[in-house]
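Take a look at the letters that make up each chain.
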Amino acid sequence: MRTAICPGSFDPVTNGHMDILRRTAGLFDKVIVAVMDNYYKTAHAFTAAERVALLARCTDDLPNVEVRTANGLLADLAEKVGADAVVKGLRAVSDFETEFQQALTNKQINPQLETVFLAADAEWMFLSSSVVKQVAQYGGDIARFVPACIHDEVRQRLTA
Ligand code: ADP
């Protein structure tokens with residue numbers, strides 16, 4: 001059985017994230033979406049538990065996807081859950097340097113762990129959680145950017 005981990009902050013989950021998660025679910029037997037609680041030191045708009053709940057709703061139709069919070073080193077989590085690969089979406093050249101550095105670091109810590117990069121869908125190349133937060137905070141329409149099932153809740157929180 002092949003297991004993948006898709007890590008991130010998902011603050012909140014966007015259509016760009018969903019594209020990567022769906023494609024990963026098609027490629028692997030099991031996908032663990034790891035909502036990293038220590039990923040950034042900056043404040044999040046949603047708590048880790050809220051981010052997990054939003055993701056769980058969005059991945060309800062994907063039976064091989066499990067969502068959980070995670071702390072600490074990704075390489076350690078991978079070993080604990082028996083993951084074969086970390087799957088990440090690459091949006092642009094700007095993503096590359098950090099992602100490459102992380103992939104090589106994880107490989108040093110856990111040599112069995114491969115990192116697989118999926119090219120972002122052209123439609124979502126520009127999209128990030130930060131874009132969603134900025135547009136919402138200034139009263140813009142985020143309906144195109146986040147899954148419909150979480151739109152109202154996300155908009156309400158970000159405009160409160
Ligand atoms: P981070 O906290 O590292 O910025 P995010 O929570 O924003 O992570 O995203 C998690 C992962 O999802 C990223 O590493 C990236 O691989 C992928 N991702 C984010 N946005 C997009 C997008 N618009 N298209 C494709 N992949 C994306």
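Scope of this entry: the structure provided in the associated data block.

Conventions adopted
Residues numbered from 1 in each chain as written. Predicted model: local features only at pLDDT ≥ 70, side-chain atom pairs only at ≥ 80, totals over all residues. Heavy atoms only, no water. Helix = DSSP H or I, 4+ residues; strand = E, 2+ residues; numbered from the N terminus. Rg over C-alpha atoms; globule rule 2.2 N^0.38 Å. Buried < 20%, exposed > 50% of the residue type's maximum accessible area, 1.4 Å probe, protein only. Areas by Shrake-Rupley, 256 points an atom, 1.4 Å probe, with all protein chains shown as cover. Lys, Arg positive; Asp, Glu negative; His and termini not counted. Charge placed at Lys NZ, Arg CZ, Asp CG, Glu CD. 1 Å grid on protein atoms, 1.4 Å probe; cavity = no way out; pocket = protein on both sides within 12 Å on 5 of 7 lines; lining within 4 Å. Points joined across faces, edges and corners; volume = space filled by probe spheres on them. Nonpolar A, V, L, I, M, F, W, Y, C, P; charged D, E, K, R; others polar. Pairing = 2+ DSSP bridges. Axes fitted to C-alpha atoms, helices over the stretch in contact; angles between N-to-C directions. Contact = heavy atoms within 4.5 Å. Core = buried A, V, L, I, M, F, W, Y, C linked by side-chain atoms within 4.5 Å. Expected span 1.5 Å × (residues − 1). Parallel < 35°, antiparallel > 145°, perpendicular 65-115°, else oblique. Left-handed = near helix turned anticlockwise from the far one by under 90°.

Here's the deal with the overall build of the protein
So, step 1. Summing up its helical and strand segments, the protein has six helices and five strands in all.
So, step 2. The C-alpha atoms of the protein give a radius of gyration of 15 Å, which matches the 15 Å a tight globule of 160 residues would have.
So, step 3. Expressed along its principal axes, the backbone C-alpha trace of the protein runs to roughly 45 × 35 × 30 Å.
So, step 4. Counting only residues that meet the buried cut, the protein has 45% of its 160 residues in that class.
So, step 5. Per element, the accessible surface of the protein, about 8,600 Å² overall, is 52% carbon and sulfur.
So, step 6. Seen as two clouds, the 16 positive and the 20 negative side-chain charges of the protein have centres 2 Å apart.

Observations concerning the layout of surface pockets
So, step 1. Estimates place the volume of the second largest pocket at around 220 Å³.
So, step 2. Together, eleven residues line the second largest pocket, and G72, L73, L74, Q102 and N106 are the ones closest to its centre.
So, step 3. Counting residues per element, the ones that place at least two in the lining of the second largest pocket are α3 (74-81) and α4 (93-109).
So, step 4. In terms of residue count, the dominant contributor to the lining of the second largest pocket is α4 (four residues).
So, step 5. Considered class by class, the residues forming the lining of the second largest pocket number six nonpolar, five polar and no charged.

Digging into the sheet that holds strand β5 (residues 114-119)
So, step 1. Within the open sheet, the five strands sit side by side as β3-β2-β1-β4-β5. Their pairing is parallel. Only two strands of the sheet have a single neighbouring strand rather than two, namely β3 (65-70) and β5. Shown here is a sheet whose adjacent strand axes are inclined to one another by a mean of 30°, direction ignored.
So, step 2. Sheet analysis places strand β1 (residues 3-8) next to strand β4 (residues 85-90), joined by two bridges and oriented parallel. In the strand pairing of β4, I5 is matched with V86.

A word on the side chain of D19
So, step 1. Looking at the secondary structure, you find D19 in helix α1 (residues 15-27).
So, step 2. Judged by its relative accessible area of 16%, D19 falls in the buried class.
So, step 3. When near neighbours in sequence (up to four residues on either side) are disregarded, D19 contacts D121 and W124.

Some points on the nonpolar core
So, step 1. The biggest cluster of nonpolar side chains holds 33 residues, and the ones touching the most others in it are V33 and L55.
So, step 2. Secondary structure elements with two or more residues in this core: β1, α1, β2 (30-36), α2 (48-58), β3, β4, α5 (129-137) and α6 (148-159).
So, step 3. I5, A34, A83 and V86 belong to the second-largest nonpolar core, a separate cluster that totals eleven residues.

So, α1
So, step 1. Compared with an ideal rise of 1.5 Å per residue, which puts 13 residues at 18 Å, α1 spans 19 Å between its outermost C-alpha atoms and is within 8% of the ideal.
So, step 2. Among all positions of α1, only N15, G16, M18, D19, I20, L21, T24 and A25 are buried.

Some remarks on the packing of α2 against α6
So, step 1. Axis separation between α2 and α6 bottoms out at 9 Å; the angle between their running directions is 155°. The pairing of α2 with α6 is recorded here as roughly antiparallel in orientation. α2 and α6 meet at a crossing whose hand is left-handed. In this structure, α2 contributes E50, L54, R57 and C58 to the contact, and α6 contributes C149, I150, E153, V154 and R157.
So, step 2. Along the lines of polarity and charge, the residues of the contact of α2 with α6 split into five nonpolar, no polar and four charged.

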